[in-house]
Structure formats: C-alpha cells, structure tokens
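These are the residues of each chain, in order.
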Amino acid sequence: MKALIDQDTTFIVQGITGREAVNLTRECLDYGSKIVGGVTPGRRGREVHGVPVFDSVAQLCQELGSVPDGSVVTVPPAFTKDAVFEAIEAGIKLIVIVTERIPRFDVAQMVELAGLRGARIIGPNCLGIIRPGVAKMGGIGGPAKDAQKAYQPGNVGVMSRSGGMTTEISSTLTAAGLGVSIACSIGGDAIIGSTYAELMPMFEADDQTEAIVIYTEPGGRMEAELARYVTETGSKLPIVAFMAGRFMDEMPGMSFGHAGTIVEGKADTAAEKIKRLNDAGITVAEEISEIPDLVKDRIGQKVEA
Amino acid sequence: MRFYEYESRQILEREGIPVAPGGFATDAEAAKAIAADIGGPVVIKSQVLTGGRMKAGGVKFADTPEEAEAHAREILALEINGHMPRGVLIGAKAEIKQEYYAGVIYDGIRKLPTFVFSDMGGIDIEEVAEQHPDHIGRGHFSTVLPSMDFRAKDTVASVGITGSELNRLTPILSKLARLFVKYDMTLAEINPLAQLADGTFVAVDAHMDMENEGRPRQKALLKDLGVADEETREAREPTEFEIEGERIDSVDHRGVAGNVTEFDGNLGLVIGAGGGSLTLFDAVRSYGGRPANYCEIGGNPSVSKAKNLTKLVLSKPGVDKIAVMMSIVSNTRVDIVARGVIKACLELGFDPAEKIAVFRIPGAWEEEGFKILEKYGVEYFDRSVSLHGAAKRAVEKIGAGAAA
C-alpha cells in the first residue's frame, strides 16, 4: 500500500488563480502530479497552465464526471473554512490546506467535519506532501528542479511541523544516500488535521518506508501523543526526532516560529518532549547532520532484531 | 492576546454572566469613589498582564473608601514582573459560600474545545488537576453540531453537582463556551466563580485570551473595550528594537520579517524561516554564541526589506558581526537576500566581508546569490554545510574577532 499520494493521485487546486497558487500549479505539473482542475468563483472557463478552472467544486466534479482524490486549498484565511467544507461535501478525501493565519475555531470546524465525512486534512499552514520522483501536492520543495535536488526517492518517511525544515531534513537524507519515501509538512498551527500519531499507520503500511524522521518544536501535546502511540501499539518503525526551539523553555508565553509554537505549561516544553520521546524509544538528534547516521543505526538494529 | 481582568469582566457582562459588583479606576480618587459606591469591604486588584500579583502585593483589602484610596495609590505605583498596572479593579468583598472554577480551552489532540469545571475554585486549576483529579470535570463540545448546553450540564454533573446548583451553573458554563467561540478565544476562565450566601453565582475573577488570528474579525469587540490595534499584549512589552522590526515588516508587503526579538548578545542574526530560525538560534547558543536578536525572514522578501532588517540588526549597540542563515529556501530567493544584506553593510559604511560572519542560504537562485557574495568576499556555504555547521563557524569567527 502507498501512503497519502502516488502516481495516480488526482487533485484540484482551490483558489487556483491566486499568484502563489499559479506557481504551485506549475511546480506540481512539472513534477508529474495530476492536477485535474481548479476552482476560483467567477473564473469558470479560464485555464491555469492548461488546467481548467471552475466556479465550484461541485461543478468541477460534474463536468469531469468524477470526484478527484484530493484538493490543495490556497484561499485567504477568511474564506478557507467554506472552501474546505465545499471540498469535503463534494466527497474529496484528502485536503491539503496551505493557508496560514486561519482562526483556530475555523480549523477545529474543518477538522471535525472531515472526521465526520471520512476525509483527511493535512495542515493548515503547511507546504503539502511529496513522494520523491513520483508526485507532489503543494509547494513543498519549490520548483520541480529544486525539489529534485533536495528529494531523491528512498526509504525514510519525513513528518515536520515546519515546511522549510521538511526540505532541509530531506536534503540531508538525500545527500547521505538514504533518500525519502514520502515527506509530509503537517503544519505549524495549534490544531492541525493530521498529527504524527495519526499519520503513523499510513507510514507503517507503506512498503517503501523503513524509518521515520520527525521535526518538532515546543508547544502542544503532539509529541506526547506520538510517544503514547508508539508505546501502546509497539510500533516497529524506527523513529528519529529533531527538536528545535529549545531556547523557548526559558521564555514561557512567547510564540516563535509557528502559531502553535509556544510554551504554555510544563508538558509542552522542549525538555519535557525530548524526555517523553526518549522514553518511548524514539532517538532525538542533537543536530540535523546526525540524522542520517542515526537512521542507519536504527534500520540496522531492526534488521538484526 | 491577553485581556486585563477588567476587560474580561466586561466581556462576561455583555454575554449575560453575572459578575461581582465593582469598577475600574486609573487613579486613587476614582478608586475611592468606587469603594464608596460599593459601600462595604472591598478588594483592590492591580490590572497587569502577568501572574503572581497577590504575592507581589498587587491585591489588597480595605474596609473603608479611604483605606481603598491608599491601597490603590500604592498598587498603581507598583511594578509587577516588569509590568506597570493599567489601573486597579475595585470589587465588593462578598461573603462567599463556595468557590468554583469554570473554563473553556482547546484540546489540541482531540482538536475540539473543551469545558473544564471544578468545585475547587480560587486556586490554580493545574494544582487541582494534579492533586484532586476527581474534583475536575472535562467535556468536549462539537464545533459543527449544536451540543453545548447538555455537554456543559454533563461536565458540571460529573464532579457530583446536582440540584439547583447544577441548574444555575450549567447556563454559566454554556454561556462561557458561547463567548469563547464568538470571540475567538483560546482561553476563557472564571476563577473563582463564587456562590454567594443567597445561592446565586457571580464571577469574581476572569481571565481571557483571544488568538491573534481572530483579531481581524473581532474589531467591534476590541473597539468597545478600547483595545488599540498596536497593542500586542504579548508576554512582555515589545522593545524599541522590536517595534522598529515590526515597522520594517509592515511597510513593505513583500515577504516576511517576523518575530524580531531583542537579546543582549554580540552576534546579530538575519535568519529564516520559522523552523530554520528556531534551529539556528539553538545552534548558535549550543556553540557558546550570544545572539543579539531573533527573527524570521521568509516568503520571498524584497531587497529593501532584507536590507532594512539587516541595517536594524547591524545598528544595534553591541553587535560585532551578523550571521545570515536559513534552511534551504524554495520561495525566498538567495540572490535577493544576498543583495539586501550586502547593501545594508555598504550603506552603513561597513565591509560586508568583515561584518557578515557567514552566509548560509541554499536553494532558489543560489548560483546568482553566491556570485554576488564572492564578489564582496563574503564567506558563504551551500547545503553541504549544515545549519549547525554554519552556526558554529559564525560563533568561531565572532570569538576570534572579539579576542583580536
């Protein structure tokens, strides 16, 4: 089984006529992704890099005669909730929300509706998903030639709360000859559609993935949830984590990096998270350049065991 | 964004939750008048956006208006954790039968808002959670289905409350949840929620946080409360350096120069983006470096934005050199940032090769960027040098410079 996206995944871009969305569409098409349509209300009949534009998702589905697998949502924060509801109600099952600065209640509503309808949300405030050499869904890795440089196919899955660090880590894995099976920028907000623990089963079921690298930050309980998942399920997939923002432990109440990155209590400090991850058998790297060797060690241990 | 207690009280009142009688004053005379109006023992509370005001002497009790005036004068002049009070709140010191806690927060794992309720109010709720878990009730409520009232009732009942207390507390908790949703709060709590001798309930103290993302659509409330747009209400007041950083970011819509934060070191940082900045700041410190600032550049800034931010950092007293570093960029252009930081050095009369300890930004348009850096003799790295490697080199260079 292939996690999240593969060469057959079809998707649309909501807000496709926006400046960033036009670039993103070009990048994804160049990389080999199957973008079957776009939506911008009032722009029906146009094309963006050859992709037909519709007024609504329902209209798009009707005219194409099928429901696409996914949608990349790039509309402004005030309109994102409605766009995502529209995609979910049209039957789309994988929604990547690029938009940042969406109010938290709106995010909770989108995520709750997705749960009720059996859809998965990645983000908000993320760069999307890439399966190196196959397809990418979102701005992750940038233009196709840049994405190619940083992301070569391999056997390590990457999940990251930072879009830029997804590429930095993947590039390091690529340079070390390990490569990347699938990388997912999960988003930097306090509430996101898919957390590490929620994505783990898909990586476990993915035949290409032999280890996971996660990039993480202070704030929230997502790492504790991952630690609990690993402990409770006895997951065999080796995980190496990198924790940035350790300095924030001395600065409670101040937000850096991403909207969800803030130390509010004892449980969401970097120090406490590192401890929890370690306790669950997750290796925590001191710096990015150590990651490839730690991953090789962990994969080696698995083979021996 | 935090609200002062007196503002939180106003929000409770406008949403129909009863509050203990009282008023807000910015001078001692007005405090005296409010105390006289209340007529009886009062409490005078410092209005600061920081905890620990009781311990610091920011909360005092008075039996007469004159005593209230004297206390108010002292409290108004009292700095607490670096915060001067906005004013004082004078409240009736009512006879309380029992104290409760009512709150609404988000649960990031369940991804839903949740009620938190306790029959042990008046103390820190985290302490209650640790020591008396059976005295805390929690209950998530849906953001898409209309389920608030019975969920509130279940939460109150879960700590063993029934009878008229249950029926009086349920609407209070429910209204608190409604205002939490309506005003884009990330925290809305009443602590203590007091039961008076006659059995009714009033909010004695309240604490609310609105998320910044909600501010654009909450302008009406903020206007009513008199909260100005430029009030950031962060954990600490912004410094002049930080205000200038914000200004540089806001005057040019191209790209982002966010979260400019002042520190007291000698190595200026021009770093990006979100995760890259967090990693690099840690890295500099792990090698013994002393950052002069933190910032997050990204989103393809213009030459002038990169230049102005760099000039701000270079002009900060005590800054010997700057390090320009980012994680691999795909949207931001390497050559544009290179141009901006070099221009900043030149305009201030510095030699870029001397002032820029290292430049490590790989990614989009890197060949063009590296050419420019070469021309000015700036030491630069491509992606083969890690973020930590670049930070280490910057710290080495500034160490050598300081020794010379």
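In what follows, the accompanying structure is described. From a predicted model like this one, the values you see are computed outputs, not experimental measurements. (Residues numbered from 1 in each chain as written. Chains lettered and ligands numbered in written order. Predicted model: local features only at pLDDT ≥ 70, side-chain atom pairs only at ≥ 80, totals over all residues. Heavy atoms only, no water.)

A closer look at the environment of R360 of chain B
Consideration 1: Along the polypeptide, R360 of chain B turns up in strand β15 (residues 356-360).
Consideration 2: Once the C-alpha coordinates of R360 of chain B and L387 of chain B are considered, the two residues, 27 residues apart in sequence, prove to be 7.7 Å apart. (Helix = DSSP H or I, 4+ residues; strand = E, 2+ residues; numbered from the N terminus.)

Regarding the packing of helix α8 (residues 222-233) of chain A against helix α9 (residues 270-279) of chain A
All names here are of chain A.
Consideration 1: Relative orientation of the contacting elements α8 and α9 amounts to 10 degrees, with a least axis distance of 9 Å. Put simply, α8 runs roughly parallel to α9. In this structure, α8 contributes E223, A224, L226 and A227 to the contact, and α9 contributes K273, R276 and L277.
Consideration 2: Looking at the contact of α8 with α9 residue by residue, the class counts come to 4 nonpolar, no polar and 3 charged. (Axes fitted to C-alpha atoms, helices over the stretch in contact; angles between N-to-C directions. Parallel < 35°, antiparallel > 145°, perpendicular 65-115°, else oblique. Contact = heavy atoms within 4.5 Å. Nonpolar A, V, L, I, M, F, W, Y, C, P; charged D, E, K, R; others polar.)

Notes on the sheet that holds strand β3 (residues 47-48) of chain A
Consideration 1: Ordered by their spatial adjacency, 7 strands build an open sheet running β3-β4-β2-β1-β5-β6-β7 (chain A), and the pairing between neighbours is mixed. Edge positions in the sheet fall to β3 and β7 (120-122) of chain A, since each of these pairs with one other strand and no more. (Pairing = 2+ DSSP bridges.)

Details of the environment of T80 of chain A
Consideration 1: Along the chain, the position of T80 of chain A falls in helix α3 (residues 77-89).
Consideration 2: Leave out the neighbours within four places in its chain, and T80 of chain A touches V73, V75, I97, T99, I102 and M110 of chain A.

So, the packing of helix α11 (residues 334-347) of chain B against helix α13 (residues 366-375) of chain B
All names here are of chain B.
Consideration 1: Following both chains from N to C, one finds α11 and α13 inclined at 25 degrees, their axes separated by 7 Å at the closest point. Looking at the two axes, α11 sits roughly parallel to α13. Between α11 and α13, the residues in contact are V334, D335, A338, R339 and I342 and E366, E368, G369, F370, I372 and L373, respectively.
Consideration 2: Tallied by class, residues from the contact of α11 with α13 come to 6 nonpolar, 1 polar and 4 charged.

A look at the side chain of E112 of chain A
Consideration 1: For E112 of chain A, the location among the structural elements is in helix α4 (residues 104-117).
Consideration 2: The charged side chain of E112 of chain A is buried without a salt bridge, its nearest counter-charge being R151 of chain B at 7.9 Å.
Consideration 3: Not counting residues within four places of it along the chain, the set of residues in contact with E112 of chain A comprises L112, S142, T143 and V144 of chain B. (Buried < 20%, exposed > 50% of the residue type's maximum accessible area, 1.4 Å probe, protein only. Lys, Arg positive; Asp, Glu negative; His and termini not counted. Salt bridge = Lys/Arg side-chain N within 4 Å of Asp/Glu carboxyl O.)

Let's talk about the nonpolar core
Consideration 1: Core analysis: the biggest nonpolar cluster contains 84 residues, and L173, I291 and V295 of chain A together with V324, M325, I356 and F359 of chain B have the highest contact counts within it.
Consideration 2: With 67 residues, the next largest nonpolar core counts I12 and I88 of chain A together with I17 and L193 of chain B among its residues. (Core = buried A, V, L, I, M, F, W, Y, C linked by side-chain atoms within 4.5 Å.)

Taken by themselves, the reported measurements are silent on function.
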